[in-house]
Amino acid sequence: MLEVYTSIANTGLFPYAWLMVVIPAAVAGLLLICGKVTNSFGHFIATLAPIASFTFAVIYFVELLGYPEMERAVNLDFYTWIAAGSWQIDIGMLIDPLSILFVLLITGVGSIIHIYSIGYMAHDPNRRRFFAYLNLFIAAMLILVLANNYLVLFIGWEGVGLASYLLISFWQERPSAAAAGKKAFVMNRVGDLGLLMAAFTMLAMFSSTSFADVHAGAPSLSVGWATFIGFMLLLAACGKSAQVPLQAWLLDAMEGPTPVSALIHAATMVTAGVYLVVRAGVIFEQAPAAQLAVAIVGTVTLLVGAWIGCSKDDIKKVLAGSTMSQIGYMMLAAGIGPAGYAFAIFHLLTHGFFKANMFLGAGSVMHGMNDDVNMRHYGALRKLMPITFITFGIGYLAIIGFPFFAGFYSKDHIIEAAFHAQPALGVLALIGAGVTAFYMTRLMIMTFTSSSRWRKEVHPHESPAVMWIPLVLLAIGSLIGGMVLNGWIGSWLSSIGAETPEHMTWLPEITVIGGITFAVVVLGAVLAWLVFGRKPVPDEAPEKVSIFTTIGRNDLFGDAVNDYLVVKPASLLSRGVALTDEKGIDPATEGTGWLVQAIGDKVRLIQNGYVRTYGLTLAIGVVLIGLALVLSRLV
Amino acid sequence: MTPDFITPVLDYLLLAPFLIVLGAACVGILVEAFVPRGGRFYTQVVVSVLGLVSALGVILWRWGSDGQGLIDPWKDNIVTGTLIIDGPAQVFWTIIFGFGLIAVISFAERRVHAGATAFTPTAAAIPGSKAESEAAQAGLIHSEIFPLALFSMAGMAMLVSANDLLMLFLGLEILSLPLYVMVGMSRHRRLVSQEAALKYFLLGAAASAIFLFGVAFLFGYSGSFAYDRLVETITFTSGGEGLLLGGIGLIGVGLLFKIGAVPFHSWVPDVYQGAPTPVTAFMSICTKAAAVGGFLRLFYVALGGFRWTWQPIFAGVAILTIFVGAIIAINQKDIKRVLAYSAITHAGFILVPLVGASTMDTGLIDGQAGSVASIMFYLVAYGFAAIGAFSIVSLVRKQGHEITDLSAWAGVGKRNPFVSVLFVIFLLSMAGIPLTAGFVGKFAAFAAAWQGGFAWLALAAILGAIIAVYIYIRVIQVMFFTEPDEGADEVELAVPGVATWIVLTVCMLGTIGLGLVPGPLLELLQNASAFIIPAK
C-alpha cells in the first residue's frame, strides 16, 4: 500500500506548522542564552511552549478529520537543504495521520509533564536549565516525527539523543548520572550508524530520502537491498528504543530526573524506533527477513524486559524494564506487518498514557520519601498518598490489561495478531502478559500495600496539586484511552498502510485468545500476591535468591555482554594501536612532562632518536605505497 | 627540436591577490626593520590584515564581476605555463587567505596573555637562559610572525595554482620554511616548541626530498615538468610505466605528508602540541587546504589518466587515516593532541571524496556530487570549527599559562558557559552532528565518493565518523560532567580580547550558518570546481 500525499493543499494554517517546532526551540535558546535573568519565570514560558504546540496540533488534527480517509496528508517543503549532484535533501514536514498522532502525544503528555516538573523541580538550583533542555527535547522530537524525509528525521533523531544525554546527566554531581548519560549517547551512536547507512543506501537507490520517493520506489526494490535497508533501520530502532541487543542504556538512564524518565524514556523518545519501523513499513514488506527480525527482536525484548522488571527493587528500574517490555510488544506488532501497524501505534499511545502516569506516580512517591527509590523502604503508602495510589492503580490496571482499561485493548490486539501471524510468537507474547501482571503486582504490593518499612526521618505525604493534577489527567487517559481509540484507530491509520478489521468498537470482541490472555494475567497477579503479599517484605534484598533473580538483577548481564563483545575488544584495539604509535613511534604524551624540565644534551639525544623513528615510519610508508603500486600493476 | 619561445600572457589583475600577499609580506619585513619598536606590532597587524583583506577583495570582486556571481571556468583563467588560475584555484585562494586572515587576527590577541602575545619575545635566546627572562621582563613583543605567515600563505597560493611540477615544489617549500620557524616560536614551554619545530623541519625536509625524487621520476617519464606534457605522455605513449609509478608514489607521499595522512602523520601530534596554539590553528586548516589543493590538481589533471592505479591505494590510505586517527585520539590525555589526531581523522575524510571522483579532469559529472566541490566545502566547514576550537584552547589557563592537559579541563564548562557552549558547537561540527557545517561537509564528501563508485569507502567512512564522535563527546564529558580533583589548582578561562571575540563570532556564524543553509555555498563551489586542463 502506498501513502497518499499532497491531497490537501498547503493552505490555511498548515504553512505555519513549523511554529510547532520553532516555539519550543526558541524558548530553549532564550532560557540558555539569557541565563539567570530568566530564572524566576523561565519555567512558565517553557511550560507554555509545548502547550502552544499542542494547540496547533489539535487544530491540524481537527482539520485532517474533515477530509476523506485517503486524502489526509499535507506535505510542506521549506527549502533545499543539501543538493549533492542528483541527491537532493529538502527541509520539509509531513502532517499525516501517523505524524499528527505522535505530535498530539508528544505535546500533550509533554505539556502535562512540564506542569508536573514545575512542582517536582521547584527546589532544584538548575531548574531553568532543566526546562530549557526539556523544550529542546520537545523541539527535536517534533522534528523527528514531522520530518518528511529520512535525513531530516535524522536531525531530530540526533537532537533527541543529545537532549536525552543532557537530561540523563542532569544531576552531574552524581558520577553515576554522568556515566549513564555517556553510555546512552555511545550506545545510541550504534543506532545512528544504522539510520545513516539506511539513508545513504536510499539515496543511492532513489536519489532521495523523502518518504514519498522512497515509499513509491520501494515495491520495485530488490529484496537484497530492501533487506539491507531493513536491517539497518532495525539497528537504528534497537538503539533508540532500547531493544535487545542495545537495551542496556535504558536502565542506567533512570539516573535522570523522574519527569525525564516519564517523558523521554517512557512515553516518547524510546518509541521513536517503533515510529521508524511503521513509517518504513513499505520497505519492510519488501524484505520478509528484516520484518521477521523486527518481530523476533520485539518478542525477545518483551520477555527480557519483563524478566528484569521482576527482580529489581528500584521502582524506576522496574518501570524501565517494563518500558522495554512494552516497546517489545510494539515492535512485535510492527514486525507482523500491515495487520499490526495500527496496533503498534495504538499500544504506543496507550502506553504513553499509562507509563507516563506511573513514572510520574513513582516520582510523586519518591517526592514523599526523600528521593528514596528502593521499594523495600516503601510500603503502606496507599493511605498517606491516596491520589497517587488511585492514579497509579489505574495505570497498573491499564498495563496488565485489565478489561476496559487502556492497555487491555491494545495489548490483546497485539497478542491476537501475533497468534495469527506466527503462533510461537503469540505464545511468548502471552507469557509476557502474565509476567507483566506478576511484576506490576509485586510493585503495587511493595509500594502501596504491605506494612510500612520507611527509613527514619521519612514522613510520606501527598504531593502538591501541581503534581497530582497531571497524575489525574494521565490516569483519565489510562482509563478511557483504549475505549475511545479502539473503534477508530484502525481506519484512521489505514492511509499509512495499516490493515485492520473493520468492525472494532469500544466493546471488545470476546475471543478464545482474549479469554486465555485474561486468565494468564489473573494467574500472574495472583501468583505475585501468593509470593509477596502474604508475608512481610524483607527490608534488605535477600542474598540467597534463585538463579533467575540473580540474572534479572544483573539486567541479564547486558553490561557484561557489551563489555566482552564491544568495550573490551575496542579498548584493547585502541590501546594496541596507541601503543605502536605512542610507545614505539610517538612517545611524546608520556614524555612531555619531564621533557619540559629536562635541559641539555640528554634531551636532544633522545629527541634525535625519535625523529629517526619518525623518519623510519615515513620510509616504511613509502615502501608500502610503492609495493601497493607495483602489486596493483601485477594483479 | 627547440620549442618556440612563447611570451607568457600575464593578467596582473588575476595574479593580483597572490602578488598583494607576497608584497604585504615584504612590507612586513621592512616594517620590522624600520618602524620603531613601540608601534611595530600594530603596524604589522594592520599591514597583514590589509594585505589579506585586499587580496580577498580582488578575488571576490572578480568573482562577482561577470554578473552571475560565479566563475566562468573558460573565461576567468590565465595559463602562463607554470601557474594556472581557474575556479578551484580561486576558491582555494579564498579559503587560504580567508582562514589565514582569521588566524592572523588570532595572532594579535594580547589580552589573554596579559599584554604579551602567544609568541616568544626572543626567538634566538636559549630557553631558560638569562637573556630570555630579561626579554620577558622587559615586555618585549616580537612581530615577525605576521610576515612569516604571509610568506607561508603566498607559498600555499602558489601550491594550489601550480601547473608545473617545479612550481608545485616551490610552493611546497615556500609554505613550509616559514612554518618551521613559526612552530618554534611559542612563548611558554619553549623546549617543546623548539623540539616540535626541529622535528617538523627534519621530517619536512625528508618529505621534500622524497617529493623531489618523485618529480625527477616524472620528469624522466615525460621529459617535462609541465602537467600538459604529463597528460599527453600518459594518453599517447606506452612503456616507461616504472618511472610513472615511482613518480606517483613518491610525489604522493610528499603531499600526503603535508596533509597529515597515515602513515605519514607522525609529526602531526608533536607539532600541533608544540606549536603556539594560534599557529596550530593556522596550520590545521591553511596548510591542509593548500596541500589538498595541490594534490587535487596534480592527481586529477596531470595524473587523471592513471587513476585506476592510484585510486585504490589512496582509498586504503583514507581508511587507515580515518581509523588510526580516531582510535588513537580516544586515548589522548592532552587536548591539543586530541585535536591533532582529530585533524588526522579529518584528513582521512577529505581523502574519501578525493578518491571517489568519477571523472578526473574536473571531478564533475552532470547530476553528480562533485568531489572537488565537496572537498572545498569540507575544508571550509572544518576550518571554522578548527580555528574556533583552537582559539578557545588558548583561553584555558592556569597561573597565566595555557593548560592543555585534559584532566585539568574538568569542569571548565561551568567557568564561562557561553564560551564553553561555543566550544561544544565547534566540537559537534567536527563530529558531524546535523545542523552544523560539519554534518553537511561529511554528507557531501560521502555522497561524492558514493556517486563516484566508491560506495564501500563511503560506508566505511560513515562507520569511522561514528567512532570519531566519541573523541569529541569525551572532551565535552570532561568539560561539563566531570568534577575537578580536590585540591587541584584553579583552572581559569581567560576573558577573550577583541581579537579572539572576532575569531569566535566568525567561526560560530560560519559553523551554524553553513549547517542550516549550506545550499548557496555548495552551489557556488559546484560551479567553481572545474579544473582547467590546458592543451589537451
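Keep in mind that this is a model prediction, so the values were computed, not measured.

Things to note about the overall build of chain B
The helix and strand inventory of chain B stands at 19 helices and three strands. Summarising its shape, the C-alpha atoms of chain B cover approximately 75 × 55 × 45 Å along the three principal directions. Burial statistics for chain B: of 536 residues in total, 63% are counted as buried. For chain B, contacts bridging at least 24 residues in sequence account for 80% of all contacts bridging at least 6.

Topic: the overall build of chain A
On a plain count of helices and strands, chain A comes out with 25 helices and two strands. Here chain A, with 635 residues, has 58% of them falling under the buried criterion. The long-range share in chain A, meaning contacts at least 24 apart out of those at least 6 apart in sequence, stands at 81%.

A closer look at the interface of chain B and chain A
Counting residues at the interface gives 69 residues for chain B and 56 residues for chain A. Looking at the side of chain B that touches chain A, the elements with two or more residues in it are α7 (190–222), α9 (241–259), α10 (267–274), α12 (307–329), α16 (437–451), α17 (455–481) and α19 (519–527) of chain B. No other element matches α17 of chain B, which puts twelve residues into the side of chain B that touches chain A. Here the side of chain B that touches chain A is built from residues that sort into 45 nonpolar, 16 polar and eight charged.

Some details on the packing of helix α14 (residues 315–336) of chain A against helix α18 (residues 423–447) of chain A
All names here are of chain A. The geometry of α14 relative to α18 is characterised by a closest axis approach of 11 Å and an angle of 160° between their N-to-C directions. Between α14 and α18, the interaxial angle falls into the category roughly antiparallel. Once α14 is placed against α18, the crossing between them reads as left-handed. Where α14 abuts α18, its residues Ile 315, Val 318, Ser 322, Ser 325, Tyr 329 and Leu 332 lie against Leu 425, Ala 429, Gly 432, Thr 436, Tyr 439, Leu 443 and Thr 447. Of the residues that constitute the contact of α14 with α18, the class distribution is eight nonpolar, five polar and no charged.

With respect to the packing of α16 of chain B against helix α18 (residues 498–516) of chain B
All names here are of chain B. Two elements in contact, α16 and α18, have axes separated by 6 Å at closest approach and are oriented at 50°. Classified by the angle their axes make, α16 and α18 are oblique. Residues Ala 437, Phe 439 and Val 440 of α16 form the contact with α18, whose participating residues are Gly 510, Thr 511, Leu 514 and Gly 515. Across the contact of α16 with α18, the residue classes break down as four nonpolar, three polar and no charged.

A few points about the sheet that holds strand β3 (residues 492–493) of chain B
Residue and element names in this part refer to chain B. In spatial order, the strands read β2-β1-β3; together these three strands make up an open sheet with antiparallel pairing. Strands at the two margins of the open sheet, each flanked by one partner only, are β2 (401–402) and β3. Here strand β1 (residues 396–398) pairs with β3 via two bridges, running antiparallel. Within β3, the position partnered with Arg 397 by the bridge is Glu 492.

What about the environment of Ile 625 of chain A?
Residue position: Ile 625 of chain A is located in helix α25 (residues 601–634). Ile 625 of chain A sits in the buried class, given 23 other C-beta atoms within 10 Å. In this view, Ile 625 of chain A contacts Gly 249, Gly 252, Val 253 and Ile 313 of chain B; residues no more than four positions away in its chain are not counted.

Overview of the confidence of the model for chain B
Detail in the predicted coordinates should be disregarded across regions flagged by low pLDDT. All names here are of chain B. Mean pLDDT over chain B stands at 86; residues scoring 70 or higher make up 91%. Within chain B, no element has a lower average pLDDT than helix α4 (residues 130–137), which sits at 78, and none a higher one than helix α5 (residues 145–161), at 95. In this model, residues 67–77 is a region of pLDDT below 50 whose contacts with residues beyond four sequence positions or in other chains number 21 contacts. What the predictor reports for the complex is a pTM of 0.89 with an ipTM of 0.85.

Quick look at the nonpolar core
One finds Ile 345 of chain A together with Val 21 and Ile 96 of chain B to be the most contacted residues of the largest nonpolar core, which totals 446 residues. Per element, the largest residue contribution to this core is 18 residues, and it comes from helix α14 (residues 371–393) of chain B. Each residue touching Ile 345 of chain A, except ones within four places of it in the same chain, is listed here: Leu 98, Leu 101, Val 278, Ile 489 and Leu 493 of chain A.

A closer look at the environment of Ala 293 of chain A
All names here are of chain A. Its location among the elements puts Ala 293 in helix α13 (residues 288–311). In this structure Ala 293 comes out as partly exposed when scored by C-beta crowding, with 19 C-beta atoms within 10 Å. As a C-alpha pair, Ala 293 and Val 270 span 23 residues in sequence and 19 Å in three-dimensional space. In contact with Ala 293, other than residues within four places in its own chain, are Phe 231 and Leu 234.

Digging into the pairing of strand β2 (residues 87–95) of chain A
Residue and element names in this part refer to chain A. Along β2, eight of the nine residues are buried, which leaves the element largely enclosed by surrounding structure. Relative to β2, strand β1 (residues 74–84) runs antiparallel, the two being bridged by nine bridges. Bridging from a neighbouring strand, Ala 84 pairs with Trp 87 of β2. Count of turn residues in the β1/β2 antiparallel hairpin: two residues, of which Gly 85 carries a positive phi of about 65°.

Observations concerning helix α15 (residues 417–431) of chain B
Residue and element names in this part refer to chain B. With 15 residues, α15 extends 20 Å from end C-alpha to end C-alpha; this agrees with the ideal 21 Å at 1.5 Å per step. The element α15 is extensively covered by neighbouring structure, given that twelve of its 15 residues are classed as buried. Among the residues of α15, Val 419, Ser 420, Leu 422, Phe 423, Val 424, Ile 425, Phe 426, Leu 427, Leu 428, Ser 429, Met 430 and Ala 431 are the ones counted as buried. In this structure, the buried side of α15 is in contact with α13 (335–355), α14, α16, α17, β3 and α18. Just downstream of α15 lies Gly 432, where phi reads positive at about 80°.

Describing the confidence of the model for chain A
When pLDDT is averaged across chain A, the result is 84; 89% of the residues are at 70 or more. In this model residues 1–5 of chain A is a low-confidence stretch, pLDDT under 50, and it forms 17 contacts with partners more than four residues away in sequence or in other chains.

Examining unusual backbone geometry
Residue Val 244 of chain A is joined to Pro 245 of chain A through a cis peptide bond whose omega torsion reads 10°. With respect to the element layout, Pro 245 of chain A can be found in the loop between α8 (223–241) and α9 (248–252). Note the cis peptide between Val 262 of chain B and Pro 263 of chain B, where omega equals 5°. With respect to the secondary-structure elements, Pro 263 of chain B resides in the loop between α9 and α10. Notably, Ser 207 of chain A is not glycine yet its phi reads approximately 60°, a positive angle. On the secondary structure map, Ser 207 of chain A appears in the loop between α6 (175–206) and α7 (211–217). The exposure class assigned to Ser 207 of chain A is partly exposed, which follows from the 15 C-beta atoms found within 10 Å. Residues other than glycine seldom take positive phi values, yet Asn 370 of chain A does so here, at roughly 55°. Position of Asn 370 of chain A among the secondary structure elements: in the loop between α15 (338–368) and α16 (386–400). A count of 13 C-beta atoms within 10 Å places Asn 370 of chain A in the partly exposed class.

The rules behind these values
- Residues numbered from 1 in each chain as written.
- Chains lettered and ligands numbered in written order.
- Predicted model: local features only at pLDDT ≥ 70, side-chain atom pairs only at ≥ 80, totals over all residues.
- Helix = DSSP H or I, 4+ residues; strand = E, 2+ residues; numbered from the N terminus.
- Buried ≥ 20, exposed ≤ 12 C-beta atoms within 10 Å, placed from the backbone.
- Contact = placed C-beta atoms within 7 Å.
- Nonpolar A, V, L, I, M, F, W, Y, C, P; charged D, E, K, R; others polar.
- Axes fitted to C-alpha atoms, helices over the stretch in contact; angles between N-to-C directions.
- Parallel < 35°, antiparallel > 145°, perpendicular 65-115°, else oblique.
- Left-handed = near helix turned anticlockwise from the far one by under 90°.
- Pairing = 2+ DSSP bridges.
- pLDDT = per-residue confidence, 0-100.
- Core = buried A, V, L, I, M, F, W, Y, C linked by C-beta atoms within 7 Å.
- Expected span 1.5 Å × (residues − 1).

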